[in-house]
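Per-entry structural report
Listed below are the residues making up each chain.
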Amino acid sequence: MMTPATKLDEQAQNEALGDAAELQDQGRLLLTLLWLVALLLPLVVLGLQWLPHPPFGPPDWAIFFAALLALMGLGLGSFASRLRRSEQRLGRVLAQPWLGELIFSAHGLLLEVSPLVARLSGYSAQGLSGRPLSDLLPATEFEDIGDKPTPVLAGELLQTEMRCHDGQMLAIELVINPLPGERWQLLLRDLSEGQRSQQHLRQSDIVFYNAREAIMITDAQACVTAVNPAFTAITGYTAAEVMGLNPHFQNSGRHEAVFFSRMWQSLAERGHWQGEIWNRRKNGELFPSWQTISAVKNSAGQVENYVSLFSDIHSLKNAEERLHHLAHHDALTGLPNRLLFANDLERSIERAKRSGKSIALLFLDLDHFKLINDTMGHAVGDKLLHEIAHRLRNSVRAQDGVARLGGDEFTVSLEDVGGADDVATMAHKIIAALSEPMQLEGNQVTISPSIGIAFYPADGANTEDLTRAADAAMYRAKQQGRKTFAFYSTEIMASSVERVLIERGLRAALSAQQLELYYQPQVDMVTGRIVGMEALLRWHHPERGLVQPDSFIGVAEETGLISEIGEWVIQQGCRQARLWREQGFNLGYLWVNVSPRQILHNGIEDAIAQAMHENQLPGGAIKLGIEITESLLQSMPQSIEVLGKLRALGVRIAIDDFGTGFSSLGLLKQLPIDVIKIDKMFVRHLAVDGDSQAITAAMISMTHTLGMGVVAEGVETAEQLEFLRMQSCDVVQGYLFGAPLCPAEATQLLVKHRLGWPDPPSAEFSPPMPDKGQSDLPGLP
Ligand SMILES: Nc1nc2c(ncn2[C@@H]2O[C@H](COP(=O)(O)OP(=O)(O)OP(=O)(O)O)[C@@H](O)[C@H]2O)c(=O)[nH]1
């Protein structure tokens with residue numbers, strides 16, 4: 001698109017071109033004159049000879065012509081030197097890197113192009129030669145240039161576009177001049193650079209008018225010279241209202257004079273200031289802004305303007321406060337979280353230090369809260385936690401600190417407390433308030449807390465120690481049966497240290513191969529043959545020797561290590577079963593103990609399926625059975641599903657220690673259970689205690705009625721055995737047949753009793769002197 005030229009900025013070019021045109025005219029005139037002189041002068045001289053009185057005699061023609069030639073030479077010499085100077089000048093102009101030259105014929109064909117034109121267009125100079133001018137200049141003005149003897153555009157400065165070799169259009173400015181020989185010269189220069197800087201200016205305008213940040217520009221005396229629309233939107237002042245004012249008109253009064261003097265100091269020293277500043281809107285409202293002020297200097301280094309850019313961070317500040325609250329509070333209950341609890345307790349300790357008073361820290365953990373989650377769902381669990389937080393807050397004074405540390409753990413810190421009695425009363429009150437039944441989604445739910453109590457400074461001189469002491473005391477309250485409180489004591493600390501030691505040792509035990517499975521035989525009452533082996537876990541502690549499961553299973557369950565240990569037990573048990581099958585033993589079942597936690601949470605079916613697959617179980621004479629404790633029955637819905645899946649894998653399921661919990665046989669009917677194991681407590685008293693006899697007889701009979709098998713544990717005497725036989729108990733297990741033995745000894749036992757025991761077991765079998773701890777193996781994996 002061609003536009004009229006608006007300015008002539010190439011003065012040198014025009015002067016040179018002007019010179020050239022003038023010289024052309026002068027040259028033409030001079031030549032004509034010389035020709036006229038050369039033709040007419042001899043005729044005039046000859047004509048004068050015919051007069052009656054010629055003014056002079058016949059000329060010496062040789063001298064005459066020599067003079068004429070000298071005259072012509074002088075004229076031509078002066079013209080040639082002017083022409084040379086003009087050519088040099090034009091050459092210099094054309095040598096400018098920004099000026100390109102194109103020579104074309106009257107028919108519009110390109111004859112010559114300068115290197116710059118070739119470079120700008122992307123063609124080679126030869127490539128362009130002979131092409132129509134309109135190939136390079138597609139604008140309509142150039143289309144039919146070849147049809148006209150003279151381009152109509154001559155002498156005009158035009159802006160148009162040049163089509164480059166790659167098809168891109170390049171903005172150019174050009175002028176066309178006539179040349180001798182019906183040729184035309186086209187001088188051009190690249191405009192894109194200039195357009196870029198104009199575009200830059202336009203972009204600056206766009207930024208200024210469309211920025212969301214307010215922009216205020218002042219002169220060197222700090223009088224406002226310009227503000228953008230965002231400034232008006234944020235402050236309420238129009239540009240006209242603030243023009244010429246000192247920015248002080250926005251002063252909020254929130255900053256001291258020293259604040260502004262520092263700002264000016266920074267501007268003077270570094271030319272820059274940045275910070276948060278409170279300003280006043282036109283309507284009087286104060287608002288925080290984040291402001292950047294820059295001093296703009298001229299080339300002499302003097303400040304000409306100050307440019308201030310700011311945004312309203314009012315909403316950002318609100319968000320920051322919300323974030324701060326979120327970071328310090330528990331989202332579910334709104335109580336302070338662990339972080340704020342620690343900060344608050346630290347400050348309480350500082351105060352107590354100064355006043356010499358003491359602080360009581362109560363550490364609460366809900367009892368069996370997991371069961372609520374498991375049986376009623378997480379959403380109900382959340383509501384319960386919310387209600388507990390509410391009750392807890394209402395049970396204490398306003399100045400007492402209540403926090404939720406996470407999960408079902410809460411704390412209450414009491415400053416300026418009296419004696420332990422007062423705190424015990426408070427703990428009672430909290431337990432009573434929290435244990436009141438609550439209605440959650442149509443269900444009545446009851447829960448209780450266990451509370452540990454520790455005092456500053458007696459039990460801990462800083463936040464960590466005090467919290468640790470209260471936590472240890474809470475653990476003691478759990479051990480004491482839950483729904484109670486316990487004060488911290490050194491003895492409690494010792495047992496909590498013991499727990500930590502066991503946990504640490506246990507973490508290393510698996511990789512250090514300190515765990516081992518022992519096996520205890522189960523004997524069929526009718527045939528006297530071994531029909532099963534129960535795998536029982538032992539820990540060969542490097543310093544303490546053989547550690548009983550009672551001492552570490554609890555810790556393993558609390559710390560979650562039970563999953564890893566449980567999986568190892570399953571794999572190891574299955575491996576042993578495979579070995580015995582390969583050795584030709586007709587064993588029946590290999591039983592492993594599985595923790596209720598594993599059943600409920602750890603994808604146990606996958607672990608068992610994999611171990612069975614790896615050891616080709618069930619295979620032939622050996623199958624896998626799992627023993628679970630009665631407490632699992634409290635999580636009925638989930639357990640039914642998992643146990644069903646295990647059954648589908650061919651696994652038998654036994655309830656261990658039956659009779660010690662509160663579940664009824666009727667409840668068992670709803671679960672996929674194959675075997676009931678009567679707890680050794682009943683078996684032990686069979687000979688002397690009529691009640692135990694009655695209960696055992698009833699259990700055996702009812703179990704049979706439900707179509708399940710019965711195993712009696714802890715059989716140590718012939719009398720017990722006899723009683724169980726009379727009640728038609730199916731299988732017995734106990735020292736009378738064998739203690740838990742390491743794999744090698746258990747294999748020897750299998751060899752020795754391949755054909756079973758005589759009936760009753762012969763006296764040659766002397767039970768090992770029972771280490772009672774070892775025979776009591778409740779609920780261990
Ligand atoms: N609903 C809900 N459950 C949570 C939340 N945070 C943790 N839990 C659960 O709280 C339970 C805490 O259980 P524990 O304290 O370890 O065990 P417990 O069943 O209370 O048993 P004891 O403490 O030994 O009486 C775990 O099952 C967690 O998954 C939560 O924000 N909401």
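First things first, this report covers the structure right here in the doc.

About the criteria used
Residues numbered from 1 in each chain as written. Predicted model: local features only at pLDDT ≥ 70, side-chain atom pairs only at ≥ 80, totals over all residues. Heavy atoms only, no water. Helix = DSSP H or I, 4+ residues; strand = E, 2+ residues; numbered from the N terminus. Buried < 20%, exposed > 50% of the residue type's maximum accessible area, 1.4 Å probe, protein only. Pairing = 2+ DSSP bridges. Axes fitted to C-alpha atoms, helices over the stretch in contact; angles between N-to-C directions. Contact = heavy atoms within 4.5 Å. Near = heavy atom within 4 Å. Polar contact = N/O pair within 3.5 Å; in protein donor to acceptor, adjacent residues only side chain to side chain. Areas by Shrake-Rupley, 256 points an atom, 1.4 Å probe, with all protein chains shown as cover. Parallel < 35°, antiparallel > 145°, perpendicular 65-115°, else oblique. Nonpolar A, V, L, I, M, F, W, Y, C, P; charged D, E, K, R; others polar. Salt bridge = Lys/Arg side-chain N within 4 Å of Asp/Glu carboxyl O. Phe/Tyr/Trp six-rings, centres within 6.5 Å; stacked < 30°, edge-to-face > 60°. Lys NZ or Arg CZ within 6 Å of the ring centre and 35° of its normal. Arc of directions from axis to C-beta.

When you go through the protein residue by residue, the secondary structure sums to 27 helices and 27 strands. For the protein, buried positions account for 44% of its 781 residues.

Strand order in the open sheet made by the five strands is S13-S14-S12-S17-S18, with mixed pairing throughout. Because the sheet does not close on itself, it has two edges, and the strands there are strand S13 (401-406) and strand S18 (485-487). Averaged over all adjacent pairs, the angle separating strand axes in this sheet is 20°, with direction ignored. By the bridge criterion, five bridges tie S13 to strand S14 (residues 409-415) in an arrangement that is antiparallel. For Ala 403, the partnering residue across the bridge sits in S14 and is Thr 411. Along the sheet, helix H11 (residues 338-355) contacts strand S12 (359-366), S13, S14 and strand S17 (449-456); its crossing angle with S12, the most-contacted strand, is approximately 155°.

As a further point, take the site of the ligand. Within the structure, the ligand sits among 16 residues, and Lys 370, Asn 373, Asp 382, Lys 478 and Arg 482 are positioned closest to it. Here an oxygen atom of the ligand and a backbone polar atom of His 368 are 2.8 Å apart. For the ligand, a nitrogen atom lies 3.2 Å from a polar atom in the backbone of His 378. Considering the ligand on its own, with 660 Å² of exposed area, one finds that the protein chains cover 72% of that surface. Of all the elements in the fold, those that place two or more residues in the shell around the ligand are S12, helix H12 (369-376) and helix H13 (378-395).

Right, let's get into the packing of H11 against helix H15 (residues 463-479). The contact between H11 and H15 brings their axes to 10 Å, and the two run at 110°. Of the possible angle classes, the one that applies to H11 and H15 is roughly perpendicular. Contact residues: Phe 341, Ala 342, Leu 345, Glu 346 and Ile 349 in H11; Thr 463, Leu 466 and Thr 467 in H15. For the contact of H11 with H15, the residue count by class is five nonpolar, two polar and one charged.

So, on to the pattern of salt bridges. Tallied over the full model, the rule gives 28 salt bridges. The partner of Arg 351 in a salt bridge is Glu 415, with the nearest N and O atoms 2.8 Å apart. Here Glu 415 lies in strand S14 and Arg 351 lies in helix H11, a separation of 64 residues in the sequence. The exposure class of Glu 415 is partly exposed, given its relative accessible area of 26%.

By the definition in use, this model includes eleven aromatic pairs. The positively charged end of Arg 254 is found above the aromatic ring belonging to Trp 278, 3.7 Å away from the centroid. Over the ring of Tyr 518 we find Arg 538; its NZ or CZ atom is 5.6 Å from the centre of that ring.

Looking now at the pairing of strand S10 (residues 286-297). The sheet contact formed by strand S9 (residues 272-280) and S10 spans nine bridges and is antiparallel. Paired with His 272 across the strands is Ser 294, a residue of S10. Hairpin connection of S9 to S10: five residues between the antiparallel strands, including Gly 284 at a positive phi of 95°. Two strands pair when backbone bridges link them, and S10 and strand S11 (residues 303-312) are joined in this way by nine bridges, in the antiparallel orientation. Bridging across to S11, Lys 297 finds its partner in Val 303. Hairpin remark: S10 followed by S11, antiparallel, with five residues in the connecting loop; positive phi at Gly 301, about 85°.

Within helix H25 (residues 718-726) the residues assigned to the buried category are Gln 720, Leu 721, Phe 723 and Leu 724. Taken down its axis, H25 places every buried residue within 165° of arc, on the same side. In H25, those exposed residues whose orientation departs by more than 90 degrees from the buried face are Glu 719 and Met 726. Looking at the buried side of H25, the elements it contacts are helix H23 (680-684), helix H24 (690-705), strand S26 (709-712) and strand S27 (731-732). Directly after H25, the chain includes Ser 728, whose backbone phi takes a positive value near 65°.

Among the six residues that make up strand S2 (residues 100-105), six are buried, leaving the element largely enclosed by the rest of the structure. Where burial is concerned, the two faces of S2 agree: the one with Gly 100, Leu 102 and Phe 104 and the one with Glu 101, Ile 103 and Ser 105 are both buried. For S2 and strand S6 (residues 183-190), the ladder comprises six bridges, and the chain directions are antiparallel. Across the sheet, Glu 101 pairs through a bridge with Leu 187, a residue of S6. Pairing between S2 and strand S3 (residues 110-113): three bridges, direction antiparallel. Pairing of Phe 104 across the sheet is with Leu 110, part of S3. Turn length for the S2-S3 hairpin, with the two strands adjacent in sequence and antiparallel, is four residues, and the turn residue Gly 108 shows positive phi of about 80°.

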